[in-house]
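Notes for the structure review
Given next are the chains, with one letter for each unit.
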Amino acid sequence: KSHFDYVLLSWVFFDNKLIIPHIVAGANLALPVISWVLRRAGGFFIKRSFSGERLHPKIFARYVRELTRLGYPVEFYIEGGRTRSGKLTSPKLGVLGMVLDAAAIRPSGQEITFLPISIAYDRVAEQKAYAQELSGASKTQESLGQFAKATGVIRNRYGRVYIRVGEPICSSNVVDSQPYDVPWKQMSRQDRR
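Residues numbered from 1 in each chain as written. Predicted model: local features only at pLDDT ≥ 70, side-chain atom pairs only at ≥ 80, totals over all residues. Heavy atoms only, no water.

**Some remarks on the packing of helix α3 (residues 55–69) against helix α4 (residues 94–104)**
Pairs of packed helices are described in terms of their axes, by the angle between the two and the distance that separates them. Two elements in contact, α3 and α4, have axes whose closest approach is 9 Å; the angle formed by their N-to-C orientations is 55°. Between α3 and α4, the angle is such that the two are oblique. The crossing of α3 and α4 is right-handed. From α3, Pro 57, Phe 60, Ala 61, Val 64, Arg 65 and Thr 68 reach across to α4, where they touch Val 95, Met 98, Val 99 and Ala 102. Partitioned by chemical class, the residues of the contact of α3 with α4 number eight nonpolar, one polar and one charged. (Axes fitted to C-alpha atoms, helices over the stretch in contact; angles between N-to-C directions. Helix = DSSP H or I, 4+ residues; strand = E, 2+ residues; numbered from the N terminus. Parallel < 35°, antiparallel > 145°, perpendicular 65-115°, else oblique. Left-handed = near helix turned anticlockwise from the far one by under 90°. Contact = heavy atoms within 4.5 Å. Nonpolar A, V, L, I, M, F, W, Y, C, P; charged D, E, K, R; others polar.)

What follows is the structure, given as structure tokens:
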């Protein structure tokens, strides 16, 4: 199901003649053939965690900053990955923080806007896999063979998809110094969180 999310959003953007966003994808999707298609559709791959890394987060933050500076939409999922229970988990703030850092140094007169989007399905495509994982089985790693087997999912009907778009949030409301005693760039990491 989570793989439907970015395809559906790209389709909605395309169908409404909007620029298709660059999509932050987990490195687990950097599979032969699949990664070639996803890269050409605007996807780029990141590690699930940058802990212990010094160079990778800086390069990735610079890439995000360039995308935002050039005005490209960037699509990311704040929960980081899908849950097996359907319950919301604590947000992963890495990419969000990088976009806000880019917003803090944006050119005068430019705004970076966040558009919260919710995607809900009538029926979950991986119902059987979720049930197995909830009863203790481990999640199977994505592979090219798994994607080939999953093509049968496309032929089935899973009901309706509901895409809800929230009110836009201007980054200037968060990163500009008016509401705070110190500018965004000088805040501690904890205060930014």
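Moving on from the coordinates now.
**Points about unusual backbone geometry**
With a phi angle near 55°, Lys 17 is a residue other than glycine that sits in the positive phi range. With respect to the helices, strands and loops of the structure, Lys 17 is situated in the loop between α1 (2–15) and β1 (22–26).

**Quick notes on the nonpolar core**
Judged by nonpolar contacts, the single largest core of 18 residues is most densely connected at Val 24, Phe 44, Phe 60, Val 95, Val 99 and Leu 100. Sorting the residues of this core by element identifies β2 (43–46), α3 and α4 as the ones contributing at least two each. The dominant element in this core, judged by the number of residues it contributes, is α4, at six residues. Beyond its immediate chain neighbours, meaning those up to four positions away, Phe 44 contacts His 22, Ile 23, Val 24, Ala 25, Phe 60, Tyr 63, Leu 67 and Val 74. Core analysis: the next-biggest nonpolar cluster, separate from the first, contains eight residues, Leu 29, Leu 31, Ile 34 and Phe 45 among them. (Core = buried A, V, L, I, M, F, W, Y, C linked by side-chain atoms within 4.5 Å. Buried < 20%, exposed > 50% of the residue type's maximum accessible area, 1.4 Å probe, protein only.)

**Some points on a nonpolar patch on the surface**
A cluster of nonpolar side chains, contributed by Val 12, Leu 115, Ile 117, Val 161, Ile 163 and Val 165, occupies part of the molecular surface with about 420 Å² of accessible area. The element best represented in the nonpolar patch is strand β6 (residues 161–165), accounting for three residues. Along the chain, Val 165 turns up in strand β6. On the basis of relative accessibility, which here comes to 53%, the residue Val 165 falls in the exposed class. (Patch = residues over 30% accessible without salt bridge, like charges linked within 9 Å, V, L, I, M, F, W, Y side chains within 5 Å. Areas by Shrake-Rupley, 256 points an atom, 1.4 Å probe, with all protein chains shown as cover. Salt bridge = Lys/Arg side-chain N within 4 Å of Asp/Glu carboxyl O.)

**Details of α3**
A rise of 1.5 Å per residue sets the reference length of α3, with its 15 residues, at 21 Å; its end C-alpha atoms lie 21 Å apart and thus fit the reference within 8%. Buried within α3 are the following residues: Pro 57, Phe 60, Val 64, Leu 67 and Thr 68. Angularly, the buried residues of α3 cover 95° about the axis, an arc narrow enough to put them on a single face. Turned more than 90 degrees away from the buried face of α3 sit Leu 55, Lys 58 and Ile 59, all of them exposed. Its buried side turned inward, α3 meets β1, β2, β3 (74–75) and α4. Taken from the residues just after α3, Gly 71 is the one with a positive phi, measuring 85°. (Expected span 1.5 Å × (residues − 1). Arc of directions from axis to C-beta.)

The values reported here are purely geometric and, on their own, carry no functional implication.
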